[in-house]
Amino acid sequence: MKIATRTALFLFALGTGSVIFAESAPLVIAHRGASGYLPEHTLEAKAYAHALGAHYLEQDLVLTKDDVPVVLHDIYLDTVTDVARKFPERKRADGRYYAIDLTLAEVKQLQVTERFNAKTGAPVYPKRFPAGQSTFQISTLEEELQLIQGLNRSTGRTTGIYPEIKQPKWHRAQGHDISKIVLPILTRYGYATRADACFVQCFELAEVRRLRGELGWRGRLIMLIEAKSKGEDGTDNNQLCTAAGLKELAELVDGIGPAIGRIVTWPAAGAAPKVSDLVTLAHAAKLAVHPYTIRKDELPKNCPSVAALHVALFSDAGIDGVFTDFTDVTVAWLNYSPAGKALKKRP
Ligand code: CA
């Protein structure tokens, strides 16, 4: 493994004991933080995921009007905040509210809540944190990096970061170059080389080329691969998953982050999982594979249980890490289930 040979041992405390975690072992990436338990991408969700033992914490990044990267999943504000109530006049003709139309000072006035349907107001995950309860804010990339590095210091652990450049083509069309703004911040906080605990991720192939070329990013890089065949920016996702596509990608990136459905599917209820050749092909190209996303409250079609999903991804397909909304569930499966424990004994 390209990545494993480059990195040091990380120490993780887990429960009352502590375990040595080598980065060659499967990685648990907290998807938008502990988003199964707290509103996604809030500092609270990140602190909780850190405490639950995630190896990496994910940041989705978009820009404000005044070019400050904030941690937010969408270019929109209207599915996780009260923007429609606080800034009704900022609605665009398409009915949406965009982070790029508000300054940071304005974004900071918004209350973040559990993700909801902007049209109906209904929560996307009804069993998660109650809508509108307590008080949460959108944070800047820098505020989040300071939180993570502070927790790393106070706990003695090294939890890494996993920032995603969101919709760079769209940002540029709006007159804002997000990658150019984000990379220097990462570097300033000590994330610059492949030895640093950071994976930059992006869905757009042209931008991934630009990150490695024009923008000179020398840290780890992950090409995200959607389930659908064509990305909005024109990225040919099916081609990327071929042996030739992966070989080409290996010149640019350290790994891929495909949708789970590109690796494993359940053809029918009660049927055995069907594993694609994607992980085998990626490993042959020396690429790590970190699929997204494990959600115990939204399993893939016909998948019988969250444990079965872990077995199929880690034991059957042989992935190197996973994005999970439920850090504790994935950490527990890796550390305590017979299949998870067997995995770590692999040569
Ligand atoms: Ca993401």
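Residues numbered from 1 in each chain as written. Predicted model: local features only at pLDDT ≥ 70, side-chain atom pairs only at ≥ 80, totals over all residues. Heavy atoms only, no water.

A.B. asks: Whenever I open this one, the packing of helix 4 (residues 141-155) against helix 6 (residues 178-188) confuses me. Can you help?
C.D. replies: Each pair of packed helices can be summarised by the angle the axes make with each other and by the distance between the axes. Interaxial distance between helix 4 and helix 6 falls to 11 Å at its minimum, and their mutual angle equals 25°. Considering their axes alone, helix 4 and helix 6 lie roughly parallel with respect to each other. Handedness of the helix 4/helix 6 crossing: right-handed. Taken together, the residues of helix 6 that come into contact with helix 4 (itself represented by L141, E142 and L145) are V182, I185, L186 and R188. Its residues placed into classes, the contact of helix 4 with helix 6 shows five nonpolar, no polar and two charged. (Axes fitted to C-alpha atoms, helices over the stretch in contact; angles between N-to-C directions. Helix = DSSP H or I, 4+ residues; strand = E, 2+ residues; numbered from the N terminus. Parallel < 35°, antiparallel > 145°, perpendicular 65-115°, else oblique. Left-handed = near helix turned anticlockwise from the far one by under 90°. Contact = heavy atoms within 4.5 Å. Nonpolar A, V, L, I, M, F, W, Y, C, P; charged D, E, K, R; others polar.)

A.B. asks: In this structure, what is going on with helix 6? I would like to understand it.
C.D. replies: For the α-helix, the turn length of 3.6 residues means that residues three or four positions removed from each other point alike. Considered for burial, the residues of helix 6 that qualify are I178, S179, V182, L183, I185 and L186. Looking straight down helix 6, one finds its buried side chains confined to an arc of 165°; they lie on one side. Two residues or fewer past helix 6, G190 is found with a positive phi of approximately 95°. (Buried < 20%, exposed > 50% of the residue type's maximum accessible area, 1.4 Å probe, protein only. Arc of directions from axis to C-beta.)

A.B. asks: How do you make sense of the packing of aromatic side chains when you look at a structure like this?
C.D. replies: For any pair of aromatic rings, the description consists of the separation of the ring centres together with the inter-plane angle of the planes. According to the stated counting rule, one finds 11 aromatic pairs in the structure shown. Centre to centre, the rings of Y37 and Y48 are 5.8 Å apart; their planes meet at 75°, and the pair counts as edge-to-face. You can see Y37 sitting in the loop between strand 3 (27-30) and helix 1 (43-51) and its partner Y48 sitting in helix 1, a full 11 residues away along the chain. Judged by centre distance (5.3 Å) and plane angle (90°), the rings of Y37 and F326 are edge-to-face. Placement of the pair is Y37 in the loop between strand 3 and helix 1 and F326 in the loop between strand 13 (321-324) and helix 12 (327-336), with a sequence separation of 289 residues. Overall, the relative accessible area of 23% leaves Y37 in the partly exposed class. It is R92 that lies over the ring of Y98; its NZ or CZ is 4.2 Å from the centre. For the cation-ring pair, R128 lies above Y125, with the distance from its terminal atom to the ring centre recorded as 3.8 Å. (Phe/Tyr/Trp six-rings, centres within 6.5 Å; stacked < 30°, edge-to-face > 60°. Lys NZ or Arg CZ within 6 Å of the ring centre and 35° of its normal.)

Don't take any of this as a statement about function, it's just geometry.
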